[in-house]
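Residues per chain are reported as follows:
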Amino acid sequence: TITLTGHSNTVCCLGVFSRGQTELLLSAGFDGKVGVWDVTKRQHSMPRLEMLFRAHDEEVLALVVSTHTSCFVTAGNDCKIKVWAQKNYELHATLQGHREAVTCLALDANFLLSGSEDGSVRMWDLHSYMGLGVLQ
């Protein structure tokens, strides 16, 4: 068993992606931070925390990784959805429209779906970062 420590509160979502030969694990949770872990299997090497950064001012409740757009997306109690670059973890966009916490995310190619405690599901285009519609 390997324990990865770095967050200061509950970890509630995980995602994985590859960058070249490096396998990375993303973790996010109630401390509002995203952890980037190098989990590449190497002889005599343990997984290590590559970076831990503040993604939201409040709890992160959802995280999803896109292979089509080389980004990952976080959402949480601040009602915001944030799109991050996999390459350098730079913020690409902040999507707003939900009135309550965003609790879940799903991807279909370049389309992002977000569900919220406000009772709505919103659809977003990850190329233009525009809202495409709302289901209530």
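My aim in this report is to walk through the structure given alongside it, one point at a time. Given the structure is predicted, the values throughout are model-derived calculations rather than measurements. (Residues numbered from 1 in each chain as written. Predicted model: local features only at pLDDT ≥ 70, side-chain atom pairs only at ≥ 80, totals over all residues. Heavy atoms only, no water.)

Quick look at the sheet that holds strand β2 (residues 22-29)
Next up, step 1: Read across the sheet, 4 strands follow the order β1-β2-β3-β4 without closing on themselves; strand pairing throughout is antiparallel. Edge positions in the sheet fall to β1 (11-19) and β4 (48-54), since each of these pairs with one other strand and no more. Strand-to-strand, the axes of this sheet are offset by a mean angle of 20°, without reference to chain direction.
Next up, step 2: Relative to strand β3 (residues 33-38), β2 is paired through 5 bridges, and the arrangement is antiparallel. The partner of S27 across the bridge, within β3, is G35. (Pairing = 2+ DSSP bridges. Helix = DSSP H or I, 4+ residues; strand = E, 2+ residues; numbered from the N terminus. Axes fitted to C-alpha atoms, helices over the stretch in contact; angles between N-to-C directions.)

Here's the deal with the packing of aromatic side chains
What characterises a pair of aromatic rings is the spacing of the ring centres plus the angle enclosed by the ring planes.
Next up, step 1: If you walk through the whole model with that rule in mind, you get 3 aromatic pairs.
Next up, step 2: Geometrically, the ring pair formed by F72 and W84 is stacked, given 6.4 Å between the ring centres and 20° between the ring planes. Placement of the pair is F72 in strand β6 (residues 71-76) and W84 in strand β7 (residues 80-85), with a sequence separation of 12 residues.
Next up, step 3: Chaining the aromatic ring pairs together yields one cluster made of F53, F72, W84 and Y89. (Phe/Tyr/Trp six-rings, centres within 6.5 Å; stacked < 30°, edge-to-face > 60°.)

Details of the pairing of strand β5 (residues 60-66)
Next up, step 1: Across the 7 residues of β5, 6 count as buried, placing the element largely inside the fold.
Next up, step 2: Here β5 runs beside β6; their pairing, made up of 6 bridges, is antiparallel. Across the sheet, the residue bridging to L63 is T74, located in β6.
Next up, step 3: As consecutive antiparallel partners, β5 and β6 are separated by 4 residues, and within that stretch S70 has a phi angle of approximately 55°, a positive value. (Buried < 20%, exposed > 50% of the residue type's maximum accessible area, 1.4 Å probe, protein only.)

Structural notes on the sheet that holds strand β8 (residues 91-96)
Next up, step 1: The 4 strands lie next to each other as β5-β6-β7-β8, forming an open sheet whose pairing is antiparallel. Whereas interior strands pair on both sides, the edge strands pair on one side only; in this sheet they are β5 and β8. This sheet shows a mean twist of 20° between the axes of neighbouring strands, independent of strand direction.
Next up, step 2: Both β6 and β7 contribute to a ladder of 5 bridges, which runs antiparallel. When the bridges of β7 are listed, C71 appears paired with A85.

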